[in-house]
Amino acid sequence: MPDLPPLPADPRWRVAHLPFLSAVSAALVLCAASAGFFAGGAASALGAALGVLIVVVSYTMSTLVIAWADTVRPALLMPLALLTYVVKYTVLGVVLVYGISTDWTGKVALGWGVVAGVVVWTAVQAWWFTAIRRPK
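What this report covers is the structure whose coordinates are included nearby. (Residues numbered from 1 in each chain as written. Predicted model: local features only at pLDDT ≥ 70, side-chain atom pairs only at ≥ 80, totals over all residues. Heavy atoms only, no water.)

As a further point, take the packing of aromatic side chains. Within this structure, the stated rule accounts for 6 aromatic pairs. With centroids separated by 5.7 Å and ring planes inclined at 25 degrees, the aromatic side chains of Phe-20 and Trp-128 adopt a geometry described as stacked. Taken as a pair, Phe-20 in helix α1 (residues 18-40) and Trp-128 in helix α4 (residues 107-131) lie far apart in primary sequence, 108 residues in all. On the accessibility criterion, Phe-20 (35% relative accessible area) is partly exposed. Both rings, one in Tyr-85 and one in Tyr-89, keep their centres 6.3 Å apart while their planes meet at 20 degrees; by these two values the pair is stacked. Linking Tyr-85 with Tyr-89, this pair stays in helix α3 (residues 77-100), spanning 4 residues, or about one helical turn. (Phe/Tyr/Trp six-rings, centres within 6.5 Å; stacked < 30°, edge-to-face > 60°. Helix = DSSP H or I, 4+ residues; strand = E, 2+ residues; numbered from the N terminus. Buried < 20%, exposed > 50% of the residue type's maximum accessible area, 1.4 Å probe, protein only.)

Right, let's talk about the environment of Asp-70 for a bit. Within the secondary structure, Asp-70 sits in helix α2 (residues 42-72). Residue classification places Asp-70 among the buried positions, given a relative accessible area of 17%.

Turning our eyes to something else, we now look at the nonpolar core. A general feature of soluble globular proteins is that nonpolar side chains tend to end up buried together. In this structure, Val-52 and Trp-121 are the most contacted members of the largest nonpolar core, which totals 15 residues. For this core, the elements supplying multiple residues, two or more each, are α1, α2 and α4. Ignoring sequence-local partners within four residues, the contact set of Val-52 consists of Ser-25, Leu-28, Val-29, Ala-32, Gly-113, Val-114 and Gly-117. (Core = buried A, V, L, I, M, F, W, Y, C linked by side-chain atoms within 4.5 Å. Contact = heavy atoms within 4.5 Å.)

With that settled, consider the pattern of salt bridges. Counting across every chain of the model gives 1 salt bridge. A salt bridge links Asp-70 to Arg-14; the shortest N-O distance between them is 2.6 Å. Placement of the pair is Asp-70 in helix α2 and Arg-14 in the segment before α1, with a sequence separation of 56 residues. On the basis of relative accessibility, which here comes to 12%, the residue Arg-14 falls in the buried class. (Salt bridge = Lys/Arg side-chain N within 4 Å of Asp/Glu carboxyl O.)

From the geometry alone we can't say anything about function, so treat these as descriptive.
Here it is as structure tokens:
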């Protein structure tokens, strides 16, 4: 077996942002559902909330898989990250293809919820990692 590099002293920094991002995401779900309700009723409220939840689950899953792989064996990081992305985008593609073919009135709000979730999660995560330094 080749010599493996030592594991970091404290790997918790990889997931330290998740509690804060979860709180921001919960607030965004409520805001999206409210906006959806005022824009198009109950179906749009559900669609907007589901759109945000899809992003939250997807990004959280990626974060946890990548953090786990990096702490267990860094050589697994790239293959597991790519596998995670392939699986989640395949599932998302199937859901979207099915969703487009339905007559559900909340599908437009679902799309806007996904957009809002991506923008907010990415912005908050970028802020977190630039404002709060990760340990070296």
